[in-house]
Every structure is written in C-alpha cells, then in structure tokens.
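Chain by chain, the residues:
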Amino acid sequence: MSEFFVDYAGFLAKTITGLIAFGIVLALLTARGGKEKSRDGQLKVRSLNDFYKKLHGTVEQAIVSKSAWKALKKAETKAKKTAAKSTDKKRVYILDFTGDVQASALSSLRHEVTAVLGHATAKDEVVVRLESPGGGVSAYGLASSQLVRIRDAGIPLTVCVDQVAASGGYLMASLANKIICAPFGVVGSIGVVAELPNVNRLLKKHDIDVEMITSGEHKRTLTIFGENTDSGRQKFQEEVTAIHDLFKTFVVKYRPQLNIDNVATGEAWFGTDALNHNLVDDIMTSDEYLYSIYKETDLLHVTYSLPKKRGLKAMLSASIMDAMENAVAKLSNRVMGS
C-alpha cells in the first residue's frame, strides 16, 4: 500500500508541474499576442417568402374548408412551377443592422454587403432594417461607407427604421434611395456631442500634481486630469464643429431635398414630423413594406454570423479539466493494476 502512495505522490507532482508549465506557456503566448486561429463566420440566406407563406397558410387552412384548401394548394403548386421557370423575378436582399456606440454590427454588415454585391443587379433591391441611436464618428463613418458600396453599384437601397436611426444611425440611413419609417420611429439628431469630466480641482485639493508633456500645439486640447484652458476649449469646439460640417455635407450629398440648416440642429423627430421635414420618404413599418412586396419578389434574408471567441478563462478551464480527467484516468489504471 505504501508503494501506491509513493506512486500517487510522484504522479500528482508530475501533474501539478505539468499544469504549471501549461499556465506559463499559455501566459507567454498571450503576452506575445497569441490567439486562436481565426475561423470564418457563417453566411446564411433564408427565404422570407416561405416564411410569409407559412404564416398566411396556417391561418388560411384553419378558416377554409378541406376542399377549398386542396384547391388552394393545387393552385400554389402550379404557381411555384411557373415561377421556377421565370428568371426575371426581382430579388430583394434584406440585411439587419442593430447598432451600438461602437457600431459593432459593422463586422457582419461588411461581409453581408460583399456577399450581396456578388449577385445583385440594378433590377434588384437591398433593404436594410436599421436600428441605431448613433455612436463613434469613425465607426459609423465606416458603416456608412459599406452602404455607399451598394449605391455606387447602382443597386436601389431602401432603409427601414422601426424604432430609431439617430445621429450616426441617420448618417447611415441618409444614404438610401428611400427611407421608410414607422409612425413612432425616431430619426434625425444631425449633430455632434463630446464631453469628458475634469478632476483637476479635486487633485489640487489633495496636493496631487499631474504632469503632461506633448509635442504639437494641439496634441491635447481638453484633458481629464490637467487644467483646461480657454484656447484648448476653443480648439476642441472647432474640432466638433468640423465633424458636424462633415456630417451635414455627407447627408446633403445623398438627400439634397433636405433644408439642412433646419434639420441639422441636433433635434430628432418622430415619423410623421420627419416626413414633413423630408428626413424620410414614407411612413410604414418594415413588416408592412416587406409583406406588401413578397408576392412579386424573392425576399432573401442575408445574415453573417461571426465565429464565437473562446475567452482565455474558458480555454484555461477546459485545458485544466482535460488534464485532471487524464490524471484521474491514469490513477485509476494504476489502482486497478496494483
């Protein structure tokens, strides 16, 4: 029995040493920027025609007689065969963009746009169901550039706003040939805001000094820890104004019918008022719009799902669990073999 404990102690020491070594190697790899090999996401294309037909058919089957239902199914089968022979049917590609401050949905949007541009023609249409309160200038500028690709390809672009497309969200929406807004959807907010706290007086109160060394007159305008100056505030205001001017120029380029001075005040409007200000072109929900065209077009919902990243904690836990399971298995073999 003592031999067993000696073997067990030796085996346990090896296992612990192995786990420590594994942790060191993993830490080194992480420090060097080592990551899991990037995997491709998954592109899915789903027919919304089938979805709407199923909704419609389920109710219809419940309210018509059996003979009438059979006749309808027969007519539907015949219509499908006729439609299959036709190659001239318009395709409508539907993309979804739900934005946050970082416009993180851009990671999927860029690939969805690329996929669609490989097949869509000028007779087709791209519909973007857009929801976003806005966010970072560069992020939403890049997201808008993805929609510019659709316009530049000569493909009609429609943006549907069911809840909100404000600030950076409206920057994206303004690119559409047609903007459709729900009655209580919010659009506009053509403005720029920037703010930051300043704790300099608090630091001075506790005799804490902050040293900041810069090169370039305007490398730092306003700061959180240092003492802000009037010249710094003026320069910061100039930068915000420059971004606002760029925003207005971009919107007017694609919606010249706007009186930009009246709407670029940072205000936002609900659907009907937005229509009166030419911020949108029609009032209806995205469901209403898509359902109204599904019988005459092929509705294709395009989504690109990014690969899920395994966090370091999950990777480490899984590796330790594997090592422990192997250790238990080897220990069991030793006990059973003794």
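Everything discussed here concerns the structure shown above.
The present account deals with the structure reproduced in this document. Residue numbering note: each chain is counted from 1, following its sequence as written. Side-chain atom pairs in this predicted model are given and counted only at pLDDT of 80 or more, local residue features only at pLDDT of at least 70, and totals for whole chains, interfaces and linings cover all residues. The side-chain values count all of the structure's non-hydrogen atoms but skip hydrogen atoms and water molecules.

## Here's the deal with the overall build of the protein chain
Basically, it comes down to this: The helix and strand labels rest on DSSP assignments: H or I over at least four residues marks a helix, E over at least two residues marks a strand, and numbering proceeds from the N terminus. With a 1.4 Å probe rolled over the protein chains alone, any residue whose accessible area is under 20% of its type maximum counts as buried; one over 50% counts as exposed, and the rest are partly exposed. Contacts between residues were defined by any pair of non-hydrogen atoms, one from each residue, lying within 4.5 Å. Under the convention used here, a 1.4 Å probe and the Shrake-Rupley method define accessible areas, while residue burial counts only the protein chains that appear.
When you go through the protein chain residue by residue, the secondary structure sums to 12 helices and 10 strands. With 338 residues in all, the protein chain has 31% of them scored as buried. Taking all contacts inside the protein chain whose residues are at least 6 apart in sequence as the whole, residues at least 24 apart take part in 76%. Of the accessible surface of the protein chain, which amounts to about 21600 Å², a share of 57% is contributed by carbon and sulfur atoms.

## What about the pattern of salt bridges?
A side chain with one charge can pair with a side chain of the opposite charge if their charged atoms come near. Stated precisely, the cut-off is as follows: Between Lys or Arg on one side and Asp or Glu on the other, a salt bridge is scored when a side-chain nitrogen of the former is within 4 Å of a carboxyl oxygen of the latter.
Under the counting rule described, the total for this entry stands at eight salt bridges. Its salt-bridge partner being Asp96, residue Arg129 comes within 2.7 Å of it at the nearest N-O pair. With a gap of 33 residues between them, Arg129 in strand E3 (residues 125–131) and Asp96 in strand E2 (residues 90–98) connect regions that are remote in the sequence. Using a relative accessible area of 31% as the deciding quantity, one classes Asp96 as partly exposed. Residues Glu238 and Lys235 are paired through a salt bridge, measuring 3.9 Å at the closest nitrogen-oxygen approach. In this pair, Glu238 and Lys235 are both assigned in helix H8 (residues 230–254), three residues apart and thus about one turn of the helix distant. Residue class for Glu238 comes out partly exposed when judged on its relative accessible area of 40%.

## Re the sheet that holds strand E5 (residues 164–166)
Definition in use: When DSSP finds at least two bridges between two strands, those strands are taken to pair. All axes are obtained by fitting lines to C-alpha atoms, using only the stretch in contact for helices, and the reported angles, taken between N-to-C directions, cover 0 to 180 degrees.
Across the sheet, which stays open at both edges, the three strands sit in the order E5-E7-E8 with mixed pairing between neighbours. Looking at strand neighbours, the two that pair on one side only are E5 and strand E8 (268–270), the edges of this open sheet. Mean inter-strand twist for the sheet, computed between neighbouring axes without regard to direction, equals 25 degrees. Sheet analysis places E5 next to strand E7 (residues 186–188), joined by three bridges and oriented parallel. The residue bridging Ala166 from the neighbouring strand is Gly188, located in E7.

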